Amino acid sequence: MFDGYDSCSEDTSSSSSSEESEEEVAPLPSNLPIIKNNGQVYTYPDGKSGMATCEMCGMVGVRDAFYSKTKRFCSVSCSRSYSSNSKKASILARLQVTGKPPTKKAKVLQKQPLVAKLAAYAQYQATLQNQAKTKAAVSMEGFSWGNYINSNSFIAAPVTCFKHAPMGTCWGDISENVRVEVPNTDCSLPTKVFWIAGIVKLAGYNALLRYEGFENDPGLDFWCNVCGSDIHPVGWCAASGKPLVPPRTIQHKYTNWKAFLVKRLTGAKTLPPDFSQKVSESMQYPFKPCMRVEVVDKRHLCRTRVAVVESVIGGRLRLVYEESEDRTDDFWCHMHSPLIHHIGWSRSIGHRFKRSDITKKQDGHFDTPPHLFAKVKEVDQSGEWFKEGMKLEAIDPLNLSTICVATIRKVLADGFLMIGIDGSEAADGSDWFCYHATSPSIFPVGFCEINMIELTPPRGYTKLPFKWFDYLRETGSIAAPVKLFNKDVPNHGFRVGMKLEAVDLMEPRLICVATVTRIIHRLLRIHFDGWEEEYDQWVDCESPDLYPVGWCQLTGYQLQPPASQSSRESQSGSSKQKKKAKSQQYKGHKKKRKMPVGKKPVSLSSLPMTGGVRRSFSGDEELTPPPYRTLPAQTAPEAFPPPSTSREFSPSLKTVTTLQLKEELIDGEDYNFLQGASDQESNGSANFYIKQEP
């Protein structure tokens, strides 16, 4: 395999064949690949010359440099070997002891001088240059995941935690010590050459690689995206006619590199042969530009609007509202987001819908097929079910760091519910939001207390600490039955402290460097690195708004690095103005929810999920919300201090005993509220946080 290695080394004293040394050749530009064969010199300057493939070893090269008039073989030896069916040399082509006979397409590098392989790289190099021109590098202001993880000894969430991400369901056994073939950057040759490296550490899609031969020396270790175009399984170079050249730093360490590689690679793991094909297939997305969907109205969460897919990046959709003339009124979400639905979904379940002023579809626009949207779990609403006025706990879609006291305001079809945050609702119900009954963002009464999460009481509620028993009695309400909530807890694999890339759901076009700081069964507390805890967000473990480390680099999406201290101070300085502006936009709301500075009051939290059968219902923004119980008269919100943002659990909150809840809650039914598991023990599908006794 490495018979031609000496001719490519920096030592210019390496010799060629006697025939080549006797032939006088005119000087050629140094940047052109050269092939010397039987005393003839050929150049391959532009990647467009006639190519040929050797029928014996499968090597690809310039047709004129091939042997015989028919140009079927790259050399005399291949021609003779083909005739005698002698293919022993192809055993080394794969560099793996598989016990399988070599295929006809196996490339046998040791048959050819290494310089004869350089022509095949010109086309590859030209392709890379064209790709570089058409795809600009994603700027992250100097941020590097590799340096960030190495300098702080961080651990990243594995790719298998993200089923919606590329390769999330077929990552396989990719782990440390897996061998791959990568470009050799420690080389002064004018063409691109490769060498074998092993994975030292994995961080999402990114792998810390070390060239074979460096043993325990990390001097040339480097980070690379495993799904990138420059990483290949062992044997790819042999199959593609690419040279394996040891790094310059260690090229004199061994005299027999072939024996070294055979010894090191025997029994070693490598990437599957079809790995790149699987990566490509997993990055094919069914949503296309010009498709029409129904999506939540970012200015009025209680209704949906028609939007058109403008672009698709890594499965994330940039949606432009259909009425936007300048196409700047947009909304970002993932194609599996519960916020988007097929045309006609709102009418089918009885959800509010803003009719478009555009009466006719624009040319080229077409409705997205319903089967492309995420499906929801079917529920039986014929028996005991949610009712208007029932109380529960829910993640506030306008302040995702809080779980609040909430009320079911309307029961829609197919298991969907309209929910409002107590003490914060607009008079016209314009800030109600839609959750499915199986949504992981709604919880039974007592969930926060059991799992030691701070529950945000209604704005203006004076009897603090908040007690569910007293509140239900004062409002004449009942709690939603525990058995109606989603109890599934998947074995998601997340751990506290793991790094990932997460969508800022208050500004959904942004994806930021983030950390998992708490795990409550399937609920994750996501912290954005460099920002205060008040900007944290509660997110479900299966949310399509979470991605592995390296996802942005793989898809070409812009990653927001951790906020610097100066940017945080600048943002904090304008906090009051931002809150005032938000208050004016949501005129009529009873509270001013704390918002990340400089961000829109829009959320991509787990709202409604798709599904539904068409029913006769026509809704628009003029619909009047149904009547519901009102809270006791309250003093202006400003007269009371805002809810505490401290994450410290208040012992006094635990005075709401289980017996009190059992006496007054769900129509006399007995429920046993189990103590929640710790952050480290809450990952699993065996138990749920609340169990209903028979």
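Definitions and limits used
Residues numbered from 1 in each chain as written. Predicted model: local features only at pLDDT ≥ 70, side-chain atom pairs only at ≥ 80, totals over all residues. Heavy atoms only, no water. Helix = DSSP H or I, 4+ residues; strand = E, 2+ residues; numbered from the N terminus. Buried < 20%, exposed > 50% of the residue type's maximum accessible area, 1.4 Å probe, protein only. Contact = heavy atoms within 4.5 Å. Areas by Shrake-Rupley, 256 points an atom, 1.4 Å probe, with all protein chains shown as cover. Pairing = 2+ DSSP bridges. Axes fitted to C-alpha atoms, helices over the stretch in contact; angles between N-to-C directions. Phe/Tyr/Trp six-rings, centres within 6.5 Å; stacked < 30°, edge-to-face > 60°. Core = buried A, V, L, I, M, F, W, Y, C linked by side-chain atoms within 4.5 Å. Salt bridge = Lys/Arg side-chain N within 4 Å of Asp/Glu carboxyl O. Arc of directions from axis to C-beta. Polar contact = N/O pair within 3.5 Å; in protein donor to acceptor, adjacent residues only side chain to side chain. Lys, Arg positive; Asp, Glu negative; His and termini not counted. pLDDT = per-residue confidence, 0-100.

**Observations concerning the overall build of the chain**
Piece 1. When you go through the chain residue by residue, the secondary structure sums to 14 helices and 29 strands.
Piece 2. Buried positions account for 51% of the 694 residues belonging to the chain.
Piece 3. The contacts of the chain with a sequence gap of at least 6 include a subset with a gap of at least 24, amounting to 67%.
Piece 4. For the chain, the exposed area adds up to about 32100 Å²; of that, 50% sits on carbon and sulfur atoms.

**As for the sheet that holds strand 8 (residues 206-211)**
Piece 1. Spatially, 9-8-7-6-10 is the arrangement adopted by the five strands of the open sheet, whose pairing is antiparallel. Lying at the two open borders of the sheet, with one neighbouring strand each, are strand 9 (222-225) and strand 10 (232-233).
Piece 2. As defined by bridge partners, strand 7 (residues 194-203) adjoins strand 8 across six bridges and the pair is classed as antiparallel. In the sheet register, Ile199 faces strand 8, and the bridge partner there is Leu209.
Piece 3. Where helix 6 (residues 257-265) meets the sheet, its contacts fall on strand 6 (179-183) and strand 7, and the angle it forms with strand 7 comes to roughly 30 degrees.

**Some points on the pairing of strand 8**
Piece 1. Buried residues dominate strand 8, accounting for six of its six residues.
Piece 2. Both faces of strand 8 are covered, namely the face carrying Asn206, Leu208 and Arg210 and the face carrying Ala207, Leu209 and Tyr211.
Piece 3. Following strand 7, the chain reverses through two residues before pairing antiparallel with strand 8; Gly204 in that reversal takes a positive phi of roughly 65 degrees.
Piece 4. Looking at chain direction, strand 8 and strand 9 are connected through four bridges and run antiparallel. Bridging across to strand 9, Asn206 finds its partner in Asn225.

**Observations regarding the packing of aromatic side chains**
Piece 1. Within the structure shown, the criterion is met by 29 aromatic pairs.
Piece 2. When the centroid spacing of 5.9 Å and the interplanar angle of 65 degrees are considered together, the rings of Trp145 and Tyr148 count as edge-to-face. In this pair, Trp145 and Tyr148 both sit in helix 4 (residues 145-152), three residues apart, roughly one turn of the helix.
Piece 3. With a centroid separation of 5.3 Å and an interplanar angle of 65 degrees, the aromatic rings of Phe194 and Trp236 are classed as edge-to-face. Of this pair, Phe194 sits in strand 7 while Trp236 is found in helix 5 (residues 236-240), placing the two residues 42 residues apart along the sequence. Here Phe194 matches Trp236 in class, with each residue buried.

**A closer look at the nonpolar core**
Piece 1. By size, the foremost hydrophobic cluster in this structure holds 127 residues, and its most contacted members are Phe287 and Ile403.
Piece 2. Per-element tally for this core: the top contributor is strand 25 (residues 511-520), with seven residues.
Piece 3. Those residues within four positions of Phe287 in sequence are excluded, and the remaining contacts are Val293, Val309, Val312, Leu317, Met335, Ile340, Thr368, Leu372 and Phe373.
Piece 4. Counting residues in each nonpolar core, the second largest holds 10 residues, with Ile349, Val376, Leu412 and Ala413 among its members.

**Considering the pattern of salt bridges**
Piece 1. Under the definition given, this model contains 28 salt bridges.
Piece 2. A salt bridge links Asp230 to Lys192, with the shortest nitrogen-to-oxygen separation between them at 2.9 Å. On the criterion of sequence distance, the pair formed by Asp230 in the loop between strand 9 and strand 10 and Lys192 in the loop between strand 6 and strand 7 is long-range, its members being 38 residues apart.
Piece 3. Judged by its relative accessible area of 25%, Asp230 is partly exposed.
Piece 4. Put simply, Asp540 and Arg522 hold a salt bridge, and the shortest N to O gap is 2.6 Å. Remark: Arg522 occurs in the loop between strand 25 and strand 26 (523-528) and Asp540 occurs in strand 27 (residues 537-540); sequence separation between them is 18 residues.
Piece 5. Each of Asp297, Lys298, Arg299, Arg303, Arg305, Glu323, Asp329 and Lys354 takes part in one network of salt bridges that share partners.

**Concerning the environment of His300**
Piece 1. Take His300: it is sitting in strand 12 (residues 300-313).
Piece 2. Of the residues examined, His300 reaches a relative accessible area of 30% and is grouped as partly exposed.
Piece 3. As for His300 and Ser430, which are separated by 130 residues in sequence, their C-alpha atoms are 5.7 Å apart.

**Quick word on helix 6**
Piece 1. When we look at burial in helix 6, the residues that qualify are Trp257, Phe260, Leu261 and Leu265. End-on view of helix 6: buried residues confined to an arc of 110 degrees, all on one side of the axis.
Piece 2. For helix 6, the secondary structure elements touched by its buried residues are strand 6 and strand 7.
Piece 3. Its side-chain oxygen placed 3.3 Å from the backbone nitrogen of Lys258, Asn256 serves as the N-cap of helix 6.
Piece 4. Of the residues trailing helix 6, Gly267 is marked for its positive phi of about 85 degrees.

**Some details on unusual backbone geometry**
Piece 1. Following Leu464, the chain continues into Pro465 via a peptide bond in cis, with omega recorded as 5 degrees.
Piece 2. Position of Pro465 relative to the elements: it lies in the loop between strand 23 (455-456) and helix 10 (468-475).
Piece 3. Positive phi, close to 55 degrees, is recorded for Ser153, a residue that is not glycine.
Piece 4. By the secondary structure assignment, Ser153 is in the loop between helix 4 and strand 5 (155-156).
Piece 5. You can call Ser153 exposed: its relative accessible area is 59%.

**Examining the side chain of Glu501**
Piece 1. Of note, Glu501 is situated in strand 24 (residues 498-503).
Piece 2. Buried charge Glu501 goes without a salt bridge, the closest partner of opposite sign being Arg316 at 9.7 Å.
Piece 3. Within the local environment of Glu501, its side chain forms a polar contact with the backbone nitrogen of Cys552, the two atoms lying 3.0 Å apart.
Piece 4. Those residues in contact with Glu501, other than ones at most four positions away along the chain, are Trp145, Ile511, Cys512, Asp545, Leu546, Tyr547, Pro548, Val549, Gly550, Trp551, Cys552 and Leu559.

**Here we look at the confidence of the model for the chain**
Piece 1. Across the chain, the average pLDDT comes to 74, with 63% of residues at 70 or higher.
Piece 2. Here helix 1 (residues 18-22) is the element of the chain with the lowest mean pLDDT, 36, and strand 28 (residues 546-547) is the one with the highest, 98.
Piece 3. Confidence drops under pLDDT 50 across residues 1-49; counting only partners more than four residues distant or on other chains, this segment forms 71 contacts.
Piece 4. Confidence drops under pLDDT 50 across residues 85-124; counting only partners more than four residues distant or on other chains, this segment forms 105 contacts.

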